[in-house]
Amino acid sequence: MDIALDKVCELILRVRAIDVKEGITDPASGSNPIDDGSIDSLTASPDDATEDELRDVIAGLNDDERADLIALVYIGRGDMEPEEWGAAVRLAREREEASSLSTADWLIGIPNLADLLDEGLNAMGRSCV
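Residues numbered from 1 in each chain as written. Predicted model: local features only at pLDDT ≥ 70, side-chain atom pairs only at ≥ 80, totals over all residues. Heavy atoms only, no water.

An unreviewed UniProt entry lists the protein under the name DUF3775 domain-containing protein, from Microvirga terrae.

And the structure:
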C-alpha cells in the first residue's frame with residue numbers, strides 16, 4: 001500500500017466520530033443527563049469534527065493514497081480479494097478518472113465506511129490496533 005497505516009487509521013477514527021453524531025432531537029429537554037443516559041453526548045455540536053474537515057483530509061492525500069483508500073473499500077466490502085490488490089488499485093484509479101464525484105464525496109457517501117476500511121486493512125494483514 002502506498003498510504004501509511006497511520007493515515008488510514010486516522011481516517012477511520014474521523015469517519016467514526018462523524019457517523020455517531022446526530023442532529024438535536026430534544027433542544028429544550030431540561031432533563032438531567034444522568035436520567036436520560038447522557039444521550040445528548042451523541043448530538044452534533046459546532047466544535048465537533050465535520051464532513052468538511054474529512055473532505056479536506058482526503059483531498060490532501062496524493063493520487064496513490066486516494067486510490068489505496070478506494071481499493072481498501074473494494075476489499076473491505078468483498079468486491080475484490082487481497083490477492084487482487086493491484087487490480088483493485090487500477091479499478092480505483094479508473095473510478096477517480098471517470099467520476100464527476102470527488103473521491104472524498106464518494107467515500108463519505110458509503111455507509112459504514114470506517115468498518116469497510118477496517119475490514120480492508122484486516123484482509124490485507126494490517127490493523128489499527
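What follows continues from the structure just given.
### What about the state of the cysteines?
Disulfides are covalent bonds that connect the sulfur atoms of two cysteines. Applying the stated rule across the entire model yields one disulfide. Sulfur-sulfur distance for the disulfide between Cys 9 and Cys 128 comes to 2.0 Å. Around the S-S axis, the bridge from Cys 9 to Cys 128 shows a dihedral of about -100 degrees and counts as left-handed. Linking Cys 9 in helix H1 (residues 5-19) with Cys 128 in the segment after helix H6 (113-123), this pair joins segments that are 119 residues apart in sequence. Of the residues examined, Cys 9 reaches a relative accessible area of 14% and is grouped as buried. (Disulfide = S-S within 2.5 Å. Helix = DSSP H or I, 4+ residues; strand = E, 2+ residues; numbered from the N terminus. Buried < 20%, exposed > 50% of the residue type's maximum accessible area, 1.4 Å probe, protein only.)

### Comments concerning the packing of aromatic side chains
Across all of its chains, the model carries one aromatic pair by this definition. Where Tyr 74 meets Trp 106, the ring centres are 6.2 Å apart and the plane angle is 75 degrees; that geometry is what we call edge-to-face. With a gap of 32 residues between them, Tyr 74 in helix H3 (residues 63-76) and Trp 106 in helix H5 (residues 103-108) connect regions that are remote in the sequence. (Phe/Tyr/Trp six-rings, centres within 6.5 Å; stacked < 30°, edge-to-face > 60°.)

### Observations regarding the nonpolar core
In terms of nonpolar packing, the biggest core is built from 32 residues, with Leu 69, Val 73 and Leu 107 touching the most fellow members. Of all elements in the fold, only H1, helix H2 (51-59), H3, helix H4 (85-98), H5 and H6 reach the threshold of two or more residues within this core. At eight residues, H3 tops the list of elements feeding residues into this core. Apart from residues no more than four positions distant in its own chain, Leu 107 is found in contact with Ile 58, Leu 69, Val 73 and Leu 113. (Core = buried A, V, L, I, M, F, W, Y, C linked by side-chain atoms within 4.5 Å. Contact = heavy atoms within 4.5 Å.)

### A few points about H1
Across its 15 residues, H1 extends 21 Å between first and last C-alpha, which sits within 8% of the 21 Å expected from 1.5 Å per residue. All buried positions along H1 are accounted for by Val 8, Cys 9, Leu 11, Ile 12, Val 15 and Ile 18. (Expected span 1.5 Å × (residues − 1).)

### Some thoughts on the side chain of Glu 65
You can see Glu 65 is positioned in helix H3. A relative accessible area of 8% places Glu 65 in the buried class. With near-sequence residues (within four places) excluded, Glu 65 lies in contact with Asp 2, Ile 3 and Lys 7.

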